[in-house]
Amino acid sequence: MAVATRGARGGSSFRSLFSFRIFISAIFSLLFVATLSVLFTTNPSTSNDDSDLPTTGNAYVHRTFLALKSDPLRTRMDLIHQQAKDHIALVNAYGAYARKLKLDISKQLKMFDELAHNFSDIVLKPTYKASLFDSDGPIDEDVLRQFEKEVKDRVKIARMIIVEAKENYDNQLKIQKLKDTIFAVHESLAKAKKNGALASLISARSIPKSLHCLAMRLMGEKISNPEKYRDEEPKLEFEDPTLYHYAIFSENVIAVSVVVRSLVKNAVEPWKHVFHDVTNRMNVGAMKVWFKMRPIEGGAFLEVKSVEEFTFLNSSYVPILRQLESAKMKQRYLENQADNATNDANMKNAKSLSMLDHLRFYLPEMYPKLYKILLLDDDVVVQKDLTGLWKIDLDGKVNGAVEICFGSFHRYAQYLNFSHPLIKESFNPKACAWAYGMNIFNLDAWRHEKCTDNYHYWQNLNEDQTLWTAGTLSPGLITFYSTTKTLDKSWHVLGLGYNPSISMDEISNAAVIHYNGNMKPWLDIALNQYKNLWTKYVDNNMEFVQMCNFGL
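Read on for an overview of the structure. Note on numbering: residues in each chain are counted from 1, in written sequence order. Restriction of local features to residues with pLDDT of at least 70 applies here, the model being predicted, together with a cutoff of 80 or more for giving and counting side-chain atom pairs; totals for whole chains, interfaces and linings are based on all residues. To obtain the side-chain values, all non-hydrogen atoms of the structure were included, while hydrogens and water were left out.

Looking now at the overall build of the protein. On a plain count of helices and strands, the protein comes out with 20 helices and ten strands. A 1.4 Å probe rolled over the protein chains alone gives each residue an accessible area, and that area as a share of the maximum for its type sets the label: buried under 20%, exposed over 50%, partly exposed in between. When each of the 552 residues of the protein is scored for burial, the buried share is 44%. Across the protein, contacts joining residues at least 24 apart in sequence account for 76% of those joining residues at least 6 apart. Methods summary: accessible areas were calculated by the Shrake-Rupley approach with a probe of 1.4 Å, and residue burial reflects only the protein chains presented. By element, 56% of the accessible surface of the protein is carried by carbon and sulfur atoms, the whole surface being about 30,100 Å². Only DSSP runs of H or I with at least four residues qualify as helices, and only runs of E with at least two residues qualify as strands; both kinds are numbered from the N terminus onward. Should any heavy atoms of two residues lie within 4.5 Å, those residues are counted as being in contact.

Strand order in the open sheet made by the seven strands is 3-2-1-4-7-6-8, with mixed pairing throughout. The open sheet has two free edges, formed respectively by strand 3 (301-306) and strand 8 (484-486), since each of these has just one partner strand. Within the sheet, the average angular offset between the axes of one strand and its neighbour, ignoring direction, is 25°. When DSSP finds at least two bridges between two strands, those strands are taken to pair. The sheet contact formed by strand 1 (residues 244-249) and strand 2 (residues 273-279) spans six bridges and is parallel. Axis definition: a line fitted to C-alpha atoms, limited for helices to the stretch in contact. Angles are taken between N-to-C directions and run from 0 to 180 degrees.

When two helices pack together, their arrangement is given by the angle between the helix axes and the distance between those axes. At a minimum axis distance of 8 Å, the contact between helix 7 (residues 209-224) and helix 9 (residues 284-293) shows a crossing angle of 75°. In terms of orientation, helix 7 and helix 9 fall into the roughly perpendicular class. Taken together, the residues of helix 9 that come into contact with helix 7 (itself represented by L214, A215, L218, M219, E221 and K222) are G285, A286, V289, W290 and M293. For this classification, under 35 degrees means roughly parallel, over 145 means roughly antiparallel, 65 to 115 means roughly perpendicular, and everything else is oblique.

Most of strand 3 sits out of view: five of its six residues are buried. Of the strand pairs in this sheet, strand 2 and strand 3 are connected by six bridges, and their pairing is parallel. Considered in strand 3, the bridge of V274 is made with F301. Handedness rule for crossovers: strands pointing away from the viewer, path from the first strand over the helix to the second running clockwise, crossover right-handed. Chirality of the crossover, the property in question, places the unit of strand 2, helix 9 and strand 3 among those that are right-handed.

Further remarks concern the nonpolar core. Residues grouped as a nonpolar core are buried Ala, Val, Leu, Ile, Met, Phe, Trp, Tyr and Cys residues, joined through side-chain atoms within 4.5 Å. With 63 residues, the main nonpolar core has F275 and L386 as its most contacted residues. With nine residues, the single largest contributor to this core is helix 8 (residues 253-265). Ignoring any residue separated from it by four or fewer positions in sequence, one finds F275 in contact with Y246, I248, V260, L263, V264, I296, A300, F301, L302 and E303.

All right, on to the packing of aromatic side chains then. The aromatic pairing rule takes the rings of Phe, Tyr and Trp, using the six-membered ring of Trp, and pairs them if the centres are within 6.5 Å, calling planes under 30 degrees apart stacked, those over 60 edge-to-face and the rest tilted. The tally for this structure, following the rule as stated, stands at 22 aromatic pairs. On the basis of an interplanar angle of 65° and a centroid distance of 5.0 Å, the ring pair of Y244 and W390 is categorised as edge-to-face. Linking Y244 in strand 1 with W390 in the loop between strand 5 (380-382) and strand 6 (399-401), this pair joins segments that are 146 residues apart in sequence. The exposure class assigned to Y244 is buried, which follows from its relative accessible area of 16%. We classify W390 as buried; its relative accessible area is 14%. Ring pairs connect the aromatic residues F310, F312, Y317, F361, Y362, Y367 and Y455, which therefore count as one cluster. When the ring centre of Y436 is taken as origin, the NZ or CZ atom of R360, which lies over that ring, is 4.6 Å away. Over a ring means this: the NZ of a Lys or the CZ of an Arg is within 6 Å of the ring centre and within 35 degrees of the ring normal.

Time to look at the sheet that holds strand 10 (residues 512-514). Think of a sheet as strands paired side by side through backbone hydrogen bonds, with each pair either parallel or antiparallel. With mixed pairing, the three strands of this open sheet are ordered in space as 5-10-9. Lying at the two open borders of the sheet, with one neighbouring strand each, are strand 5 and strand 9 (492-493). Examined bridge by bridge, strand 9 and strand 10 share two bridges and lie parallel to one another. Bridge assignment links H492 to a residue of strand 10, and that residue is V512.

With that settled, the discussion passes to the pattern of salt bridges. By salt bridge we mean one thing: a side-chain nitrogen of Lys or Arg within 4 Å of a carboxyl oxygen of Asp or Glu. Overall, the coordinates contain ten salt bridges when judged by the stated rule. Of the charged contacts in the structure, one is a salt bridge between K292 and E232, with a shortest N-O distance of 2.6 Å. Linking K292 in helix 9 with E232 in the loop between helix 7 and strand 1, this pair joins segments that are 60 residues apart in sequence. A salt bridge links K520 to D379; the nearest nitrogen and oxygen atoms lie 2.5 Å apart. With K520 in the loop between strand 10 and helix 19 (528-535) and D379 in the loop between strand 4 (372-376) and strand 5, this pair connects stretches of sequence that are 141 residues apart. Each member of the pair, K520 as well as D379, carries the same accessibility label: buried.

To continue, consider the state of the cysteines. In what follows, a disulfide is any cysteine sulfur pair within 2.5 Å. As enumerated under the stated definition, the model contains two disulfides in all. Residue C213 pairs covalently with C548 via a disulfide, S to S 2.1 Å. Across the S-S bond linking C213 and C548, the dihedral sits near -75°, which makes this disulfide left-handed. Placement of the pair is C213 in helix 7 and C548 in the segment after helix 20 (543-547), with a sequence separation of 335 residues. Overall, C548 belongs to the buried group, its relative accessible area being 7%. Between C405 and C432 runs a disulfide, and the two sulfur atoms are separated by 1.7 Å. In this structure, the disulfide formed by C405 and C432 twists by about -105° around the S-S bond and is classed as left-handed. Of this pair, C405 sits in the loop between strand 6 and helix 14 (421-426) while C432 sits in the loop between helix 14 and strand 7 (438-442); the two residues are 27 residues apart in sequence, bridging distant segments of the chain. Judged by its relative accessible area of 16%, C405 falls in the buried class. You can call C432 buried: its relative accessible area is 14%. Numbered by order of appearance in the sequence, the disulfide-linked cysteines of the protein pair as 1-4, 2-3.

This next bit is on the packing of helix 8 against helix 9. It is at 10 Å that the axes of helix 8 and helix 9 come closest, and there the two elements cross at 40°. Regarding the angle of helix 8 to helix 9, the classification is oblique. Crossing hand, helix 8 versus helix 9: right-handed. Between helix 8 and helix 9, the contacting residues are V253, V256, S257 and V260 on the first element and A286, M287, W290 and F291 on the second. Across the contact of helix 8 with helix 9, the residue classes break down as seven nonpolar, one polar and no charged. Left-handed describes a crossing in which the near helix is turned anticlockwise from the far one by less than a right angle; the clockwise case is right-handed. Basically, the charged four are Asp, Glu, Lys and Arg, the nonpolar ten are Ala, Val, Leu, Ile, Met, Phe, Trp, Tyr, Cys and Pro, and anything else, Gly included, counts as polar.

Now for helix 9. Of all ten residues making up helix 9, seven are buried, and the element is well covered by its neighbours. Taken together, the buried positions of helix 9 are V284, G285, A286, M287, V289, W290 and F291. If you follow the buried residues of helix 9, they end up packed against helix 7, helix 8, strand 2, strand 3 and helix 20.

Right, dumping it as structure tokens:
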């Protein structure tokens, strides 16, 4: 009984386990059938136009299953079509890139445009459009094969052109970058030059502390000892035409002293030389005290006057004075200063727009009893005896000067506005310019030629500065256009105030060296290689020079 009972219980358990396994197998079979049904059943909501289906990700996989069931050639056609569209985008991108670089390859640009159109035209061909893109039925394999061949041919051509053009694009891109860099550097250089020139101009126009100190010390000396510095009676030598006369117009005390001292030290007969120094009212006292404290060596003569003492120089007679009173003239001058500073010619000749600079046009009237006079700027140093200038035959000309042109530089075209009809018809733009700074003037010929009247005529026409910009060289070139005698270049060497490359042999052989430019020898910005040629004539024993710490 016991055995029978155990056997009955074991059979019941086996039947229960067998029934559970059958149940599980049935469930998996149903799931498998359902999966196959989903995979191979057509989605009733899907459109028959395969071109509208997405072509990426899970959607592309879903479409591939559908295509396999409906038409396997359509997937192939989609891939070919996509390849054509990709190359359309590629050639358009290269064309746009080439236009952006502004490359000179118009043939390639045209070819890229044609390739893009050819790819588009394939799709638009009636045969392909009707059989491949607009048809809902099965695709004709022969038509698809022809479509694929045409696309691949165009793809091959496009790739060849792109490979060929890529090297050009890389080189052109480098060239364009270099051009951009050069342009940026050029702009920075031009800006730096303009700023540097303006700073140099400001430095040259400013009064150094040492010069201001010297003038104040000299005026203090005069105030402290008025009886010691009373004006003397004019000397007969001041009007003696048989002597050698020099005109110096300046407000710089120490500069004038260097000109006078260098000339006297190198003169064979210094007692035959007469200096006419004209300055402004502010500095006339200091100038007189200096030459009273430090008399000229060798017995030379010197008179100091202020420009106001020449009473005929008034606005009713002198055009520049009348123009200086014009607000329009002043404004135009100020606007031109920064631009003039960057112009080589103007930089060397630009000076303050004042009557003191224009006195050179009134020499016959200022010194009516003289026959000849030598004009010296205050930034020159005399290295040799100058009496030989009076022996030069000027051939009836008014002005004896050294020409400064070489090649196409320093011609009249650089100083005058030849777009103006009056200038164009009156002067030769290729005429050679000459230098101010050391000029021997025949005053009798001047009076005969009426050069001052000629200067007035042109200065009146230039009130709006349309004929030339501010300065004295341009009106000088006009005034003495046909009345200038060329002197040997060894008489006058220029450029020590801006040109660091002047030959020392040329300098040592010169009778007069000229620090024209902004780098004056009494300024900190002076060119060091030339400075000692000026400083050796500075009177360092003068107590006020030492007190004002010139640092020479």
